[in-house]
Amino acid sequence: MTDFVSAEWVSSRGDDLRVVDVRDAWEYDGLGHLPSAVNVPFDSFRADEHSAESDAGEGMLPDEDDWAELLSEASITPESDIVAYDDHHGVFAARFLVTAELFGHDPDRLHLLDGDFSSWQLERETTSETPTVEPTNYEVTRPDSTPLVGPDAVADAADDPDAVLVDTREDEEYDAGHIPGAVLLDWRDLVDDETRGLLPQDEARSVLERAGIVPDKRVVLYCNTARRISHTYVVLRHLGFEQVDFYEGSLTEWEAQGRPLETT
């Protein structure tokens with residue numbers, strides 16, 4: 001399953017790890033990046049918001065062929081071990097990894113840097129040199145099952161005592177309108193401000209438990225456009241939660257369908 005890995009782990013892996021930097025190209029080129037990292041900017045694999053309003057059920061996922069081309073250009077194969085990072089506590093990098101999982105990349109080969117570029121450069125080497133990579137012919141093989149759920153399943157989860165529906169946005173957004181029955185868990189509540197990575201596991205579990213998010217319940221996640229839930233999804237899977245559903249369409253789709261909202 002997709003997990004968090006330390007800077008030490010990344011440094012020790014050498015050439016058998018494909019490091020992906022999802023920041024904008026100007027940051028990658030101008031501010032430097034991790035040694036051997038390739039640049040796959042967030043906007044290159046994020047669909048237009050209107051995609052979430054369609055009936056395709058793909059939410060904000062990119063086109064399958066576009067995704068395969070991006071990974072091919074980054075010298076990634078379906079057998080590659082990938083670690084992704086950004087400079088925003090991992091939320092954009094998590095979106096890259098969840099997209100990879102949904103398109104069939106082995107989750108055990110997907111890793112999120114525990115921290116981000118800012119935390120890395122405080123103690124470790126960076127470079128401005130772009131690595132020379134050999135393009136591959138990455139082919140998407142859709143998995144037999146995914147954590148994706150649609151709006152009807154989301155609505156049902158709010159009334160299911162064995163499930164908890166989780167809104168991962170900010171307090172103000174939640175108060176202005178959320179899916180009925182959802183509890184609030186700002187994704188940033190699981191981030192350690194000092195390390196810019198995941199809270200210590202015991203602290204993270206306490207934060208989750210206070211929101212009613214426990215391993216024996218099915219967890220259903222949403223936000224606005226599936227970016228923030230990507231981080232929470234990776235956290236929960238890393239902590240051993242087995243039943244985690246992912247509402248890809250999130251509120252963009254929910255509101256486009258005229259479904260009800262609750263205010264606080």
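An unreviewed UniProt entry lists the protein chain under the name Rhodanese-like domain-containing protein, with Haloarcula argentinensis as the source organism.

Chemist: I'm lost on the nonpolar core in this one. Help?
Modeler: Soluble globular proteins: nonpolar side chains tend toward being buried together. Ranked by internal contacts, the top residues of the largest apolar core, which has 56 residues, are Val20, Phe96 and Ile213. With nine residues, helix H4 (residues 91-102) is the single largest residue contributor to this core. In this structure, Ala7, Tyr28, Leu34 and Trp120 belong to the second largest nonpolar core, which totals 13 residues.

Chemist: Hey, could you run me through the UniProt feature "domain: Rhodanese" (unreviewed entry) in the protein chain in this one?
Modeler: Annotation from UniProt places "domain: Rhodanese" (unreviewed entry) at residues 13-129 and 159-263. The straight-line gap between the two end C-alpha atoms of residues 159-263 is 18 Å; of that span, 32% is helix and 14% is strand.

Chemist: I'm lost on the sheet that holds strand E8 (residues 218-222) in this one. Help?
Modeler: Note: strands within a sheet are paired through backbone hydrogen bonds, in either parallel or antiparallel orientation. Taking strand neighbours across the sheet as the criterion, the four strands line up as E7-E6-E8-E9 in an open arrangement whose pairing is parallel. Since the sheet does not close on itself, it has two edges, and those belong to strand E7 (183-184) and strand E9 (244-246), each with one partner.

Chemist: Can you help me understand the packing of aromatic side chains in this one?
Modeler: Given two aromatic rings, their pairing is described by the distance between the two centres and the angle made by the two planes. Within the structure shown, the criterion is met by eight aromatic pairs. Summarising the aromatic geometry, the rings of Trp67 and Phe96 are spaced 5.1 Å apart at their centres and angled 50 degrees between planes, so their arrangement reads as tilted. Within this pair, whereas Trp67 is found in helix H3 (residues 64-73), its partner Phe96 is found in helix H4, the two being separated by 29 residues in sequence. By relative accessible area, Trp67 is classed as buried at 0%. Classification of Phe96 as buried rests on a relative accessible area of 0%. Between the aromatic rings of Tyr85 and Phe117, the centroid separation amounts to 6.5 Å while the plane-to-plane angle is 20 degrees, which identifies the pairing as stacked. Placement of Tyr85 in strand E4 (residues 81-85) and of Phe117 in helix H5 (residues 117-123) is noted, with a sequence separation of 32 residues between them. Neither residue differs from the other here; Tyr85 and Phe117 are each classed as buried. Site record: aromatic cluster; members linked through ring pairs are Phe42, Phe45, Trp67, Phe92, Phe96 and Phe103. Sitting over the ring of Trp120, Arg124 keeps its end group 5.7 Å from the ring centre. When the ring centre of Trp254 is taken as origin, the NZ or CZ atom of Arg259, which lies over that ring, is 5.3 Å away.

Chemist: Looking at this structure, I do not really get the sheet that holds E4. What am I missing?
Modeler: One open sheet accounts for five strands, arranged E1-E5-E4-E2-E3; its pairing is parallel. For this open sheet the edge positions go to strand E1 (3-5) and strand E3 (38-39), each flanked by a neighbour on one side alone. Alignment of E1 against strand E5 (residues 110-113), held across three bridges, turns out to be parallel. Bridging from a neighbouring strand, Asp3 pairs with His111 of E5.

Chemist: Help me out: how do you make sense of the layout of surface pockets in this one?
Modeler: By rolling a water-sized probe across the atoms, one finds the places where empty space is left. Of the voids in this model, the largest pocket is the one considered here, and its volume is about 320 Å³. Along its surface, the largest pocket is lined by 16 residues, and Ala7, Asp114, Ser119, Glu123 and Thr195 are the ones closest to its centre. Among the elements of the structure, helix H1 (7-13) and H5 are those that each provide at least two residues to the lining of the largest pocket. Looking at which element gives the most residues to the lining of the largest pocket, the answer is H5, with four residues. In the lining of the largest pocket, the residues fall into five nonpolar, four polar and seven charged.

Chemist: Would you take a moment to explain the side chain of Ser250 for this structure?
Modeler: Positionally, Ser250 belongs in helix H10 (residues 250-256). Judged by relative accessible area, Ser250 falls into the buried class, the value being 0%. If we ignore the near neighbours within four places in the chain, the residues touching Ser250 are Tyr222, Cys223, Asn224, Thr225, Ala226 and Ile229.

Chemist: Hey, could you run me through empty space enclosed by the protein in this one?
Modeler: Tallied over the entire structure, the rule returns one cavity of 30 Å³ or more. Contributing to the lining of the largest cavity are Phe42, Phe45, Arg46, Met60, Arg95, Thr225 and Arg227. Here the residues of the lining of the largest cavity are counted per class, giving three nonpolar, one polar and three charged.

Chemist: Any chance you could explain the packing of H4 against helix H9 (residues 228-238) here in plain terms?
Modeler: It is at 7 Å that the axes of H4 and H9 come closest, and there the two elements cross at 75 degrees. It follows that H4 is roughly perpendicular to H9 by the angle criterion. Packed against H4, whose contacting residues are Val91, Ala94, Arg95, Val98 and Glu101, the element H9 presents Arg228, Ser230, His231, Tyr233 and Val234 at the interface. Taken together, the residues that form the contact of H4 with H9 break down as five nonpolar, two polar and three charged.

Calculation rules
Residues numbered from 1 in each chain as written. Predicted model: local features only at pLDDT ≥ 70, side-chain atom pairs only at ≥ 80, totals over all residues. Heavy atoms only, no water. Core = buried A, V, L, I, M, F, W, Y, C linked by side-chain atoms within 4.5 Å. Buried < 20%, exposed > 50% of the residue type's maximum accessible area, 1.4 Å probe, protein only. Helix = DSSP H or I, 4+ residues; strand = E, 2+ residues; numbered from the N terminus. UniProt positions renumbered as here; feature names shortened; annotations may be inferred. Pairing = 2+ DSSP bridges. Phe/Tyr/Trp six-rings, centres within 6.5 Å; stacked < 30°, edge-to-face > 60°. Lys NZ or Arg CZ within 6 Å of the ring centre and 35° of its normal. 1 Å grid on protein atoms, 1.4 Å probe; cavity = no way out; pocket = protein on both sides within 12 Å on 5 of 7 lines; lining within 4 Å. Points joined across faces, edges and corners; volume = space filled by probe spheres on them. Nonpolar A, V, L, I, M, F, W, Y, C, P; charged D, E, K, R; others polar. Contact = heavy atoms within 4.5 Å. Axes fitted to C-alpha atoms, helices over the stretch in contact; angles between N-to-C directions. Parallel < 35°, antiparallel > 145°, perpendicular 65-115°, else oblique.

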